[in-house]
Amino acid sequence: MIRLSDKTECSGCAACADICGHGCIAMQPDEEGFVYPDINASKCVECGLCERVCPIINVPTSNDVNQVIAAKNHNEHIRFKSSSGGVFELLAACAIADGGVVVGCRLNERMEAEHAVASDLNELQAMLSSKYVQSDTDGIYKEVRRYLREGRKVLFSGVPCQVAALRNFLIKPHPNLFTVDVLCHGVPSPKVFGDYLARLEARYGSKATAVSFRHKEKSWKRLYINIEFANGRRHFLYSGYDSYMQLFLSDRLQRPSCFHCPYNNLHRPGDISLGDFWGIGKTRPDVDDNKGISLVLVNNEKGAEMWDTCAEDTSHFTSDIEMAVAGNKVLVQHLPSDQASRAFYHDYVTLGFDKAILKNAPEKSWIYQKYYNFMRRGLDLVRKIRHQSY
């Protein structure tokens, strides 16, 4: 059975709970809000399936990157709603049009991240854009297996450990399964995110109804978070001023295992890998309109087949792996030391959310914001005069 000697050895993918036919394993949150397997040893028959599906113990055979592409969806509305260039929507729409289903992360009505199934374009909308919080995948691998056994096409999207967990769970390759792994900077605690939303709901006097971690109203390159509330108000703020985003972007919210991830390399678990093509404006300023460009890594023949279904609906060109790595270091290296993350979670557990935020990511004063906004506008002007990009 699964035995954890260290929390860095568990990604929280929940595949072990899904594979156990005796109901021995349930995923339970710890004091930080991350889920880990809780095992009823009295029911265990030592079949070893839980260890077999674990993407940390058993890293599946990976795919090497075959092609690097920069792409933008022709549909500007979809590109605006997406975190980068809107390629995932095209891949997913093609799968649905072919009679298949899409399995990906969404925020439910309670604003909790979960993996769910979309069988039409309306359901798909909730899966667009990045969610900077760990999703609940309990039960989703069995759902994928059921659709595959029915002969349906399945497009599964998730962070690399979730894609690897699904491949381990299914044991053998399935011709109708297509996978997309997203370039991942680690996953924050759902409990911390819930506390953050509760704090804002108290401030704005209403329940949150929608969250966009990467809203493009002002910029793609400079991240803005946008949270809408039932009373019509919204929390729209540059990420450098928002406490939650400050912590996430400085690697202080991530799960312990994220700092030791076996998937921070060019050997990808998915047929296609998707992310933001950061830095593309340095070499191709003609295509950088600050509205989002997708980095598409085609990793095998299935990935090439997927890309061919939607390529004509994009503006795209072939790039190289050096350029991709320059803007996405998670392709070749781990996150920095987890010292700051451990310090935050120690404060979170011992002091509570409000005091931990005050200590680790205090809100910026309006004077600071005005000064920083002025300096940013000045920097942008200098770059424009020098025809520089970033």
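Everything that follows concerns the structure shown earlier in this document.
One structure accompanies this document, and this report is about it. (Residues numbered from 1 in each chain as written. Predicted model: local features only at pLDDT ≥ 70, side-chain atom pairs only at ≥ 80, totals over all residues. Heavy atoms only, no water.)

### Remarks on the overall build of the protein chain
Within the protein chain, the regular secondary structure consists of 14 helices and 15 strands. Over its C-alpha trace the protein chain gives a radius of gyration of 21 Å, about what one expects of a compact globule, namely 21 Å for 390 residues. Its C-alpha atoms give the protein chain principal-axis dimensions of about 65 × 55 × 40 Å. Counting the 390 residues in the protein chain, one finds 53% classified as buried. Put simply, 71% of the contacts in the protein chain that link residues at least 6 apart link residues at least 24 apart. Here the protein chain displays about 17900 Å² of accessible surface, and carbon together with sulfur accounts for 51% of that area. In the protein chain, which carries 47 positive and 46 negative side-chain charges, the distance between the mean positions of the two groups comes to 6 Å. (Helix = DSSP H or I, 4+ residues; strand = E, 2+ residues; numbered from the N terminus. Rg over C-alpha atoms; globule rule 2.2 N^0.38 Å. Buried < 20%, exposed > 50% of the residue type's maximum accessible area, 1.4 Å probe, protein only. Contact = heavy atoms within 4.5 Å. Areas by Shrake-Rupley, 256 points an atom, 1.4 Å probe, with all protein chains shown as cover. Lys, Arg positive; Asp, Glu negative; His and termini not counted. Charge placed at Lys NZ, Arg CZ, Asp CG, Glu CD.)

### What about the environment of Cys-261?
Structurally, Cys-261 can be placed in the loop between helix H9 (243-249) and strand E12 (267-268). Note: C-alpha distance between Cys-261 and Gln-333 (72 residues apart in sequence) is 9.3 Å.

### Quick word on the sheet that holds strand E9 (residues 208-212)
Sheets are built from strands that pair by backbone hydrogen bonding, the pairs being arranged parallel or antiparallel. The three strands lie next to each other as E9-E10-E11, forming an open sheet whose pairing is antiparallel. Looking at strand neighbours, the two that pair on one side only are E9 and strand E11 (234-238), the edges of this open sheet. Across the sheet, the axes of successive neighbouring strands diverge by a mean angle of 10 degrees, strand direction being ignored. In terms of strand pairing, strand E10 (residues 224-229) meets E11 through five bridges, oriented antiparallel. Paired with Tyr-224 across the bridge in E11 is Tyr-238. (Pairing = 2+ DSSP bridges. Axes fitted to C-alpha atoms, helices over the stretch in contact; angles between N-to-C directions.)

### Quick word on the sheet that holds strand E13 (residues 272-276)
Read across the open sheet, the eight strands follow the order E6-E5-E7-E8-E13-E14-E4-E15; overall the sheet is mixed. Each edge of the open sheet carries a strand with a single partner, namely strand E6 (113-118) and strand E15 (314-318). In this sheet, adjacent strand axes meet at a mean angle of 25 degrees when their direction is disregarded. Bridge analysis of strand E4 (residues 67-73) against strand E14 (residues 294-298) gives five bridges, and the strand direction is antiparallel. Residue pairing for E14: Ile-69 is matched across the bridge by Val-296. Packing against the sheet, helix H10 (residues 301-310) makes contact with E4, strand E7 (154-158), strand E8 (177-182), E13, E14 and E15, and its axis sits at approximately 85 degrees to E8.

### Describing the side chain of Ser-257
Mapped onto the elements of the fold, Ser-257 is located in the loop between H9 and E12. At a separation of 3.1 Å, a polar atom in the side chain of Ser-257 contacts the main-chain carbonyl oxygen of Cys-10. Ignoring anything within four residues of it in the chain, the contact list for Ser-257 reads Lys-7, Thr-8, Cys-10 and Ser-11. (Polar contact = N/O pair within 3.5 Å; in protein donor to acceptor, adjacent residues only side chain to side chain.)

### Quick look at the environment of Leu-223
As for its placement among the helices and strands, Leu-223 is situated in the loop between E9 and E10. In this structure, the C-alpha to C-alpha distance between Leu-223 and His-346, residues 123 residues apart in sequence, is 27 Å. Once residues within four sequence positions are removed from consideration, Leu-223 is found in contact with Arg-214, Leu-237, Tyr-238, Ser-239, Leu-249 and Trp-278.

### Some details on a nonpolar patch on the surface
Side chains of Tyr-371, Phe-374 and Met-375 sit close together on the surface and give an oily, nonpolar patch of about 360 Å² of accessible area. The residue Phe-374 is located in helix H14 (residues 366-386) in this model. Taking relative accessible area as the criterion, Phe-374 reaches 55% and is therefore assigned exposed. (Patch = residues over 30% accessible without salt bridge, like charges linked within 9 Å, V, L, I, M, F, W, Y side chains within 5 Å. Salt bridge = Lys/Arg side-chain N within 4 Å of Asp/Glu carboxyl O.)

### Describing the side chain of Thr-179
Mapped onto the elements of the fold, Thr-179 is located in strand E8. Its relative accessible area of 3% is what places Thr-179 among the buried residues. Sequence-distant contacts of Thr-179, defined by excluding residues within four places in its chain, comprise Leu-155, Phe-156, Val-163, Pro-269, Gly-270, Asp-271, Ile-272 and Met-306.

### Description of the packing of aromatic side chains
Here the structure, examined in full by the defined rule, presents 18 aromatic pairs. Ring centres of Phe-193 and Phe-213 lie 5.5 Å apart, and the angle between their planes is 40 degrees; this geometry places the pair in the tilted category. One end of the pair, Phe-193, is in helix H8 (residues 190-204); the other, Phe-213, is in the loop between E9 and E10, with 20 residues separating them in the sequence. Taken as a pair, Phe-193 and Phe-213 share a single burial class, namely buried. (Phe/Tyr/Trp six-rings, centres within 6.5 Å; stacked < 30°, edge-to-face > 60°.)

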